[in-house]
Amino acid sequence: MSNSPPRSHPPLAAPPEGAAASLGRPGGSSERTVTLEVLRYDPDTDSEARFQRYEVVCQEEWVVLDALNKVKADIDPTLNYRWSCHMAVCGSCGMMINGEPKLSCHAFLRNYEGVIRIEPLANFPIERDLVVAPDDFMDKLKRVKPYLIPKQEKPISEGEYKQTPAQLMKYRQYSMCINCMLCYAACPQYGLTPSFIGPAALTLAHRYNQDSRDGGRKERQEVAATHEGVWECTFVGACSEVCPAHVDPASALQQMKITSSIDWIVEHLIPGGKP
Amino acid sequence: MAKSHKPVVWFPFAAGGTVIAFFIPVIVLLTLMAALGHAPAGLDYANLHAFAANGLGKLIIFGVVSLSMWSSAHRLRCTFYDFGVRADTAVATILYLAAIIGSILAAIYLLRI
Amino acid sequence: MSRRPLLREFPPTTWYFRQPRYLRYMSREITSILIAAYCVLLVFGLHSLAAGPAAWEAFLLTLKSPASIVFQLLVLIAAVYHAATWFNATQKAMPLQIGEYFVPGAMISGAHYVAWALLSFAILFLAGVI
């Protein structure tokens, strides 16, 4: 690490062209007044959530997050929401936009007409305004042990755990999850049965199960193969449709149902069988 | 929480779903032709009886009918839950029992042929 | 600042009106009602077949009522819809990796469609239709 060059940030004075437009600088782009209908909830004073309308002058190429930032900066500083990277990587700005779970940094205003209705992610308790409480997801994530559990620990002197490109490809897609929780907001089975471990956590379990360096599948099955695990899924497929990272949780869960079923047969129908 | 025994009901559901997809559309087409007055030769009493009298024929018919019934019973169970009926144990018992009774009846009729 | 998260209800009986994809899912699921009813009809058919030629002819006659024809048309639509959704799902449940690459999902589903067509034609041929 010591001889690697220090990471340099792009100079703030000269942001790339697209970023300039995104920051609301005049760049010859057309303006448009957008009406946002935002769900507000203040735990200190409100017993119910309510909608509040904002008229915002926006640039045509903005995303919904830009419009919210403009509201916060110029109209109503009390508005609360989470965001960080503004480039669909960090996964913190998920919200319901016209009823659809979306990253607000990835929802372009040009794709919306009329009033844009913005609500916090469905199926999660509202902490404040557009901020939800992710505690349940965090807890479930921990329960599936989403980390490598080596088959046999070996000393560092024996070198790294090697993997072929084919072995990498086996799980790579499922490793792209950014924990944005859009799949939980889309999943009706999670809405109906909140104890369901849910799409992202189970998919991460699958990701490690599929890893050639891992030996922890048996431990993860103690959670994944229960009623609250994959068996709560009815393959609605909404998780995969809304996933901004193209992870396809629905496919992971169907594969887990098949392998869990084979486990069951080996365990119960084959004498002396161990999964 | 203990591991689920759901595979017992899910495996036949998955098998039945595949059977429905491959077989039921063409079987409906055949009975529909008969209903519209163009009964295919395969639905003549003599031909169908001969097919069902054969051991392999019996097995195919039984497999298609029983797996299709199980698969639809299982999916219907989930649908009841999706429609807001929370008495899952009662719904599951009734539907699975119906599928088992239907399969037993199918077996009895087939053995009479 | 207090922490008092607000829980919003997920409407247990009307949730599927929230998004078009939920309605698509429910329409796939309720095909099972028609398939189940058709299975009952098949068991009746087996009963008639076992009871002799006269009973079988009577069974074929009941198929010809207008209600029965409408019912069978609905079952046909449901069965074809089920088949399409089922074959489209195969690429998700059973991905095929060869070396570093995955066989394109369309090929896995496509192979199922081809097998479906061949099997259906074979059955129609054996039944003397074509």
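Note that this is a predicted model, so its numbers are computed, not measured.

What follows concerns the overall build of chain B. The helix and strand inventory of chain B stands at four helices and zero strands. Its C-alpha radius of gyration of 17 Å places chain B more than 25% over the 13 Å reference for a compact globule of 113 residues. Each of the three principal axes of chain B carries a C-alpha extent, and together these read 55 × 30 × 20 Å. Going through the 113 residues of chain B one by one, you find that 36% of them count as buried. In chain B, the proportion of contacts linking residues at least 24 apart, taken out of those at least 6 apart, comes to 66%.

Let's shift gears to the overall build of chain C. The helix and strand inventory of chain C stands at five helices and two strands. In chain C, the order of α-helices and β-strands from amino to carboxyl end is α-α-α-α-β-β-α. Here chain C has a C-alpha radius of gyration of 22 Å; the compact-globule value for 130 residues is 14 Å, and the former is much larger. Taking the principal axes of the C-alpha coordinates as reference, chain C spans close to 80 × 45 × 25 Å. In chain C, which comprises 130 residues, the share counted as buried stands at 28%. Across chain C, every contact between residues at least 6 apart in sequence was considered, and the portion connecting residues at least 24 apart equals 40%.

This next bit is on unusual backbone geometry. Residue and element names in this part refer to chain A. The residue H86 is not glycine, and still its phi comes out positive at about 60 degrees. Here H86 lies in the loop between α2 (64–75) and β3 (94–97). By the C-beta count within 10 Å, which is 18 here, H86 ends up partly exposed. The phi angle at M181 is positive, at roughly 70 degrees, despite the residue not being glycine. Within the secondary structure, M181 sits in the loop between α4 (165–172) and α5 (182–186). Given 24 C-beta atoms within a 10 Å radius, M181 is considered buried.

All names here are of chain A. An order of β2-β1-β5-β3-β4 is seen for the five strands of this open sheet, with the pairing classed as mixed. The open sheet has two edge strands with one neighbour each: β2 (50–59) and β4 (100–103). Averaged over neighbouring strand pairs, the angle between their axes works out to 35 degrees when direction is ignored. Along the sheet, α2 contacts β1 (31–40), β2, β3 and β5 (116–119); its crossing angle with β2, the most-contacted strand, is approximately 100 degrees.

To continue, consider the interface of chain B and chain A. Each partner contributes residues to the interface: chain B has nine residues there, and chain A has twelve residues. Each residue belonging to the side of chain B that touches chain A can be placed in one class, and the counts come to six nonpolar, one polar and two charged.

Before going further, it helps to examine α2 of chain A. A rise of 1.5 Å per residue sets the reference length of α2 of chain A, with its twelve residues, at 16 Å; its end C-alpha atoms lie 15 Å apart and thus fit the reference within 8%. Listing the buried residues of α2 of chain A in full gives V64, D66, A67, L68, N69 and V71 of chain A.

At the interface, 44 residues of chain C touch 43 residues of chain B. Put simply, the parts of the chain that give the side of chain C that touches chain B at least two residues each are α1 (20–29), α2 (31–51), α3 (53–63), α4 (66–93) and α5 (105–126) of chain C. Here the side of chain C that touches chain B gets 13 residues from one element, more than from any other, and that element is α2 of chain C.

For helix α10 (residues 249–269) of chain A, which comprises 21 residues, the first-to-last C-alpha distance of 30 Å matches the rise-based estimate of 30 Å (1.5 Å per residue) to within 8%. Elements in contact with the buried residues of α10 of chain A: α5, α7 (199–209), α8 (217–224) and α9 (238–242) of chain A, α1 (7–35) of chain B together with α4 of chain C.

This brings us to the packing of helix α4 (residues 88–112) of chain B against α2 of chain C. Close contact between α4 of chain B and α2 of chain C brings their axes to 8 Å; oriented N to C, the two are set at 25 degrees. In terms of orientation, α4 of chain B and α2 of chain C fall into the roughly parallel class. Here α4 of chain B runs over α2 of chain C; the crossing is left-handed. Residues G102, L105, A106, Y109, L110 and R112 of chain B of α4 of chain B pack against C39, V40, V43, L46, H47 and A50 of chain C of α2 of chain C. Among the residues making up the contact of α4 of chain B with α2 of chain C, the classes are represented as nine nonpolar, two polar and one charged.

Let us now look at the nonpolar core. Ranked by size, the top nonpolar core spans 113 residues in total, and within it L36, A67, M181, C183 and L202 of chain A together with I35 and A79 of chain C carry the most contacts. Two domains each donate at least three residues to this core, and these are domain 1 (17–132) and domain 2 (135–269) of chain A. Ignoring any residue separated from it by four or fewer positions in sequence, one finds I35 of chain C in contact with I20, I24, S68 and S72 of chain B together with V75, A78, A79 and H82 of chain C.

As a further point, take the confidence of the model for chain C. In this model, chain C carries an average pLDDT of 96, and 98% of its residues clear a pLDDT of 70 or more. If you check the scores for this complex, the pTM reads 0.91 and the ipTM reads 0.96.

A few words now on the environment of S212 of chain A. All names here are of chain A. Secondary-structure assignment places S212 in the loop between α7 and α8. Residue S212 is classed as partly exposed on the basis of its 15 C-beta neighbours within 10 Å. Here the alpha-carbon distance between S212 and L168, two residues 44 residues apart in the chain, equals 8.0 Å. When residues no more than four places from it in sequence are discounted, the contact partners of S212 are Q163 and Q167.

As a further point, take the packing of α7 of chain A against α10 of chain A. In a pair of packed helices, the angle between the axes and the distance between the axes together describe the arrangement. Residues and elements named next belong to chain A. Where α7 contacts α10, the two axes come as close as 9 Å, and the packing angle between them is 60 degrees. When the interaxial angle is binned, α7 and α10 end up oblique. Between α7 and α10 lies a crossing whose hand is left-handed. Counting all contacts with α7, which are made through P199, A200, L202, T203 and H206, the residues of α10 involved are P249, A252, L253, Q255 and M256. For the contact of α7 with α10, the residue count by class is seven nonpolar, three polar and no charged.

Residue and element names in this part refer to chain C. Mapped onto the elements of the fold, Y101 is located in strand β2 (residues 101–102). With 11 C-beta atoms counted inside 10 Å, the residue Y101 sits in the exposed group. The spacing of Y101 and L49 is 52 residues in sequence and 51 Å in space, taken between C-alpha atoms.

For a regular strand, side chains alternate in direction, first toward one face of the sheet and then toward the other. Residue and element names in this part refer to chain A. Bridge count between β1 and β5: three bridges; the pairing is parallel. Bridged to L36 within β5 is I116. Sheet analysis places β3 next to β5, joined by two bridges and oriented antiparallel. If you follow M96 over to β5, its bridge partner there is E119.

Conventions we followed
- Residues numbered from 1 in each chain as written.
- Chains lettered and ligands numbered in written order.
- Predicted model: local features only at pLDDT ≥ 70, side-chain atom pairs only at ≥ 80, totals over all residues.
- Helix = DSSP H or I, 4+ residues; strand = E, 2+ residues; numbered from the N terminus.
- Rg over C-alpha atoms; globule rule 2.2 N^0.38 Å.
- Buried ≥ 20, exposed ≤ 12 C-beta atoms within 10 Å, placed from the backbone.
- Contact = placed C-beta atoms within 7 Å.
- Pairing = 2+ DSSP bridges.
- Axes fitted to C-alpha atoms, helices over the stretch in contact; angles between N-to-C directions.
- Nonpolar A, V, L, I, M, F, W, Y, C, P; charged D, E, K, R; others polar.
- Expected span 1.5 Å × (residues − 1).
- Parallel < 35°, antiparallel > 145°, perpendicular 65-115°, else oblique.
- Left-handed = near helix turned anticlockwise from the far one by under 90°.
- Core = buried A, V, L, I, M, F, W, Y, C linked by C-beta atoms within 7 Å.
- Domains from an automatic or database assignment.
- pLDDT = per-residue confidence, 0-100.

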